[in-house]
Amino acid sequence: MILEKTVEGVKKQVRQWRAEGLSVGLVPTMGYLHEGHKSLIDRAVKENDRVVVSVFVNPMQFGPTEDLETYPRDIDADCKLCEAAGAAIVFNPEVSEMYAENFTTFVDTTGVTEELCGKSRPIHFRGVCTVVNKLFNIVTPDRAYFGQKDAQQLAVIRRMVRDLNMNVTVIGCPIIREDDGLAKSSRNTYLSKEERQAALVLSKAVNEGKRLIAEGEKDGEVILGKMKAIIEAEPLAKIDYVEMVKWDTIEIHHTADCPVLVAMAVYIGKTRLIDNFIVE
Ligand code: AMP
């Protein structure tokens, strides 16, 4: 496996693979890889001849008061995980390699970015779409893999790819959880022991929402109300949002009568965690 720091290095390698008729999968990440990321890489390795994992903490998708500086990083451990999983390249560029001075071109996906995380993190998806677009241009993957953990991101990328006729198939992968239900996340490392326990309210609320819908409840107000009550009972938790939206358009929707995404962002102490479920 190659650790590649330059755009040209990746392009050159991909050109060579293309000349040999090989297919290419891309798994974009911000690193500090865990089992959730690994599930994407495993699937990409199964479905493509060669897999590129990008590890890049993208400053453009962080707001001024967010955790860009403290975001956990461990490129050596990331490379080991990628090599063991069968990736061909870890692409780990410096910020200056990705963003030239006076960088002024952005990809803005509107509509699907207005609710949920787009509301609390107004510049986030512009940063995500811009960097993912750049990664697509650099790697030219046949398939790109994204987790349902970041469900709105998955919907936004699908919209961008459709709207801009990009030659890539976007593949969504299920949420990987800890044994006790907490969705795996690089940000879980921020949690103290007490907060780690408190963070279970997210998956408990998810399970309650799923249970209610499985029992036939369709009223969004009832479903979200009971989910919020679980979170509000935890003193260390503070709700950013708990919402039901249409899965394809990410518009607020009040009834579970079509494919819906039920998503939440909750602060546990200073750490903002997300979780969700989709009703197809
Ligand atoms: P990140 O490094 O957090 O930007 O995540 C990179 C990719 O891994 C995104 O597509 C995430 O949705 C996905 N991912 C992160 N955590 C999980 C998880 N627990 N289960 C499945 N996918 C995940």
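Above: the structure in question.
Here's what I pulled together on the structure shown here. (Residues numbered from 1 in each chain as written. Predicted model: local features only at pLDDT ≥ 70, side-chain atom pairs only at ≥ 80, totals over all residues. Heavy atoms only, no water.)

Side note on the overall build of the protein chain
Move 1: Of regular secondary structure, the protein chain possesses 10 helices and nine strands.
Move 2: Relative to the compact-globule value of 19 Å for 280 residues, the protein chain shows a C-alpha radius of gyration of 19 Å, a close match.
Move 3: In terms of principal-axis extent, the alpha carbons of the protein chain reach across some 55 × 40 × 40 Å.
Move 4: Residue burial in the protein chain is summarised as follows: out of 280 residues, 55% are buried.
Move 5: Residue pairs at least 24 apart in sequence account for 72% of intrachain contacts in the protein chain once pairs closer than 6 positions are excluded.
Move 6: Carbon and sulfur atoms form 48% of the exposed surface of the protein chain, whose accessible area is close to 13400 Å².
Move 7: If you average the places of the 35 positive and of the 42 negative side-chain charges in the protein chain, the two averages end up 2 Å apart. (Helix = DSSP H or I, 4+ residues; strand = E, 2+ residues; numbered from the N terminus. Rg over C-alpha atoms; globule rule 2.2 N^0.38 Å. Buried < 20%, exposed > 50% of the residue type's maximum accessible area, 1.4 Å probe, protein only. Contact = heavy atoms within 4.5 Å. Areas by Shrake-Rupley, 256 points an atom, 1.4 Å probe, with all protein chains shown as cover. Lys, Arg positive; Asp, Glu negative; His and termini not counted. Charge placed at Lys NZ, Arg CZ, Asp CG, Glu CD.)

Points about the site of the ligand
Move 1: In the vicinity of the ligand, 17 residues are found, and the nearest of them are His37, Gly147, Asp150, Ile176 and Lys184.
Move 2: Between the ligand and glycine 147 there is a distance of 2.9 Å, counted from an oxygen atom to a backbone nitrogen or oxygen.
Move 3: Backbone polar atom of lysine 184 to a nitrogen atom of the ligand: 2.8 Å apart, as the coordinates give it.
Move 4: Considered on its own, the ligand offers 480 Å² of accessible surface; in the complex 93% of this is hidden by protein.
Move 5: Contributions of two or more residues to the shell around the ligand are made by strand 2 (24–29), helix 2 (35–47) and strand 5 (143–147). (Near = heavy atom within 4 Å. Polar contact = N/O pair within 3.5 Å; in protein donor to acceptor, adjacent residues only side chain to side chain.)

Observations regarding the side chain of glutamate 208
Move 1: Relative to the assigned elements, glutamate 208 resides in helix 9 (residues 200–214).
Move 2: The buried category is assigned to glutamate 208, whose relative accessible area is 16%.
Move 3: Those residues within four positions of glutamate 208 in sequence are excluded, and the remaining contacts are Lys226 and Ile230.

What about the environment of glycine 181?
Move 1: Assignment of secondary structure puts glycine 181 in the loop between strand 6 (169–173) and helix 8 (193–198).
Move 2: Spatially, the C-alpha atoms of glycine 181 and asparagine 207 are 9.2 Å apart, while their sequence positions differ by 26 residues.

Let's talk about the environment of arginine 159
Move 1: Examined against the element boundaries, arginine 159 turns out to sit in helix 7 (residues 151–163).
Move 2: Dropping the residues within four chain positions of it, arginine 159 is found in contact with Thr109, Val112, Asp248 and Thr249.

Things to note about the nonpolar core
Move 1: Among the nonpolar cores identified, the biggest contains 49 residues, and Phe91, Phe136, Ile157 and Leu261 are the most heavily contacted of them.
Move 2: A per-element tally of this core places helix 6 (residues 124–139) first, with nine residues.
Move 3: The residues contacting phenylalanine 91, other than those within four sequence positions of it, are Glu4, Lys5, Thr6, Val7, Val10, Val52, Val53, Ser54, Val55, Met98, Leu135 and Ile138.
Move 4: Counting residues in hydrophobic clusters, the runner-up holds 27 residues, among them Leu200, Ile213, Leu224 and Ile268. (Core = buried A, V, L, I, M, F, W, Y, C linked by side-chain atoms within 4.5 Å.)

Side note on the pattern of salt bridges
Move 1: Counted according to the given criterion, the structure contains 15 salt bridges.
Move 2: Across the salt bridge formed by lysine 38 and aspartate 42, the nearest N and O atoms sit 2.9 Å from each other. Of the two residues, lysine 38 and aspartate 42 both sit in helix 2, four residues apart, roughly one turn of that helix.
Move 3: A salt bridge links arginine 121 to glutamate 66; the nearest nitrogen and oxygen atoms lie 2.6 Å apart. Taken together, the residues span a long stretch of sequence, with arginine 121 in the loop between helix 5 (117–120) and helix 6 and glutamate 66 in the loop between strand 3 (50–55) and helix 3 (75–85) at a distance of 55 residues.
Move 4: On the basis of relative accessibility, which here comes to 10%, the residue arginine 121 falls in the buried class.
Move 5: For glutamate 66, a relative accessible area of 28% corresponds to the partly exposed category.
Move 6: Counted as one network, the salt bridges with shared partners bring together Glu208, Arg211 and Glu215. (Salt bridge = Lys/Arg side-chain N within 4 Å of Asp/Glu carboxyl O.)

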